[in-house]
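What follows is the residue order along each chain.
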Amino acid sequence: MTQTDKIITRFAPSPSGDLHLGHGYSAKLNYDFAEKHSGTFILRIEDIDHLRCKSEFEQSIFDDLNWLDLKWQTPIRRQSEHFDDYKKALDKLDQMGLLYPCFCTRKDIRSEIEDSSRAPHMRPKLGPEGIIYPGICRDLSHKEQTQKIADGIPHALRFNMAKALSLITEPLYWTDLKTGEQLADPEMLGDVVLARKDFPTSYHLSVVIDDHIQNISHVIRGQDLYYASHFHRLLQHLLGLNKLIYDHHPLLSTPDGNRLAKRDKSITLKSLRESGVRPDELDQIIKKYL
Ligand code: GLU
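All values reported here derive from a predicted model rather than from experimental measurement. (Residues numbered from 1 in each chain as written. Predicted model: local features only at pLDDT ≥ 70, side-chain atom pairs only at ≥ 80, totals over all residues. Heavy atoms only, no water.)

**Looking at unusual backbone geometry**
(1) Moving on: For the bond running from Thr74 to Pro75, omega is -5 degrees, close enough to zero to count as cis.
(2) Moving on: Positionally, Pro75 belongs in the loop between helix 2 (55-67) and strand 3 (77-78).
(3) Moving on: Backbone geometry places Ser38, a non-glycine residue, at a positive phi of 50 degrees.
(4) Moving on: Here Ser38 is to be found in the loop between helix 1 (21-36) and strand 2 (40-45).
(5) Moving on: Here Ser38 falls in the exposed class, since its relative accessible area comes to 64%. (Helix = DSSP H or I, 4+ residues; strand = E, 2+ residues; numbered from the N terminus. Buried < 20%, exposed > 50% of the residue type's maximum accessible area, 1.4 Å probe, protein only.)

If you want it as structure tokens, here you go:
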């Protein structure tokens, strides 16, 4: 358990589109778990990406969750209102020498990968989130970094995974609700971006900080974030944050095997409620996509 014995779960959607059936499933799992253990259910709005997030989608999230009769604690936390918290964590990692500026464009990364794939001994490594960043900017000298920044070249901040792992002296574990202690293996994510070029944080950093600040005890989220949990445990360790319990639920998919995505309009919660589906029918519908 965490420092507090109270069960606190959260549903943390991004208001970048309408929620689909899979979000409804995830929200209900979190809500039911908190209810069952006389805990608290939190709704967090993950809106760091100001280009994709819109207030009309936030309203739609409220409408969807109200339709599902889920009650959440107020006031809610909106990530866009807490950039200072993420900055503090970034500064701490920076002081530990674990961040470096990365000036690469997508094109730079693509051409580096194409070049290296021609040399068999330098094949790009594939991680669970795609090809691992090939480290182009990792070893730039301080002078090169300063010059590029002075030239106004936009940069992200990347996490130096190898260096971070060299600081870990004992095996690191995270707790899976069903299977118990798991050895954290974050290396497969490579040098993750912790602050993006277009805004000064990232999904990975913000979620870890918020889960700590909000005293979340159990993170129940999709299987697609299984590998993220390995990395989140490492960040928690480095930043001295609470250790949480994780559960990864299956993702919903259509009968032809496609995962539900925000762009798939047909099965948004909004379309279901507007077409007269009753919320108590939702579990039956979800079963068809599991
Ligand atoms: N905002 C993230 C999403 O919508 C939340 C992921 C998480 O629960 O950690 O996928």
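**Concerning the pattern of salt bridges**
(1) Moving on: What the rule picks out here adds up to 20 salt bridges.
(2) Moving on: One salt bridge in this structure joins Lys178 and Asp247, with 2.7 Å as the shortest N-O distance. In this pair, Lys178 sits in the loop between strand 8 (173-176) and strand 9 (180-183) while Asp247 sits in strand 12 (residues 245-249), placing the two residues 69 residues apart along the sequence.
(3) Moving on: Note on Lys178: relative accessible area 62%, which makes it exposed.
(4) Moving on: Look at Asp247 and you get buried, because its relative accessible area is 10%.
(5) Moving on: Arg278 serves as the salt-bridge partner of Asp280, at 3.1 Å between the closest nitrogen and oxygen.
(6) Moving on: Residue classification places Asp280 among the exposed residues on the basis of a relative accessible area of 58%.
(7) Moving on: A relative accessible area of 47% places Arg278 in the partly exposed class. (Salt bridge = Lys/Arg side-chain N within 4 Å of Asp/Glu carboxyl O.)

**Re the sheet that holds strand 7 (residues 156-159)**
(1) Moving on: Taken in spatial order, the 3 strands make up an open sheet running 4-7-10, and their pairing is antiparallel. For this open sheet the edge positions go to strand 4 (99-102) and strand 10 (193-195), each flanked by a neighbour on one side alone. Here the average twist between neighbouring strands, direction ignored, is 45 degrees.
(2) Moving on: Where strand 7 meets strand 10, 2 bridges bridge the pair, whose relative direction is antiparallel. Looking at strand 10, one finds that Leu157 is bridged to Ala195.
(3) Moving on: Together, strand 7 and strand 10 form the strand contacts of helix 8 (residues 226-239), whose direction differs from that of strand 7 by roughly 90 degrees. (Pairing = 2+ DSSP bridges. Axes fitted to C-alpha atoms, helices over the stretch in contact; angles between N-to-C directions. Contact = heavy atoms within 4.5 Å.)

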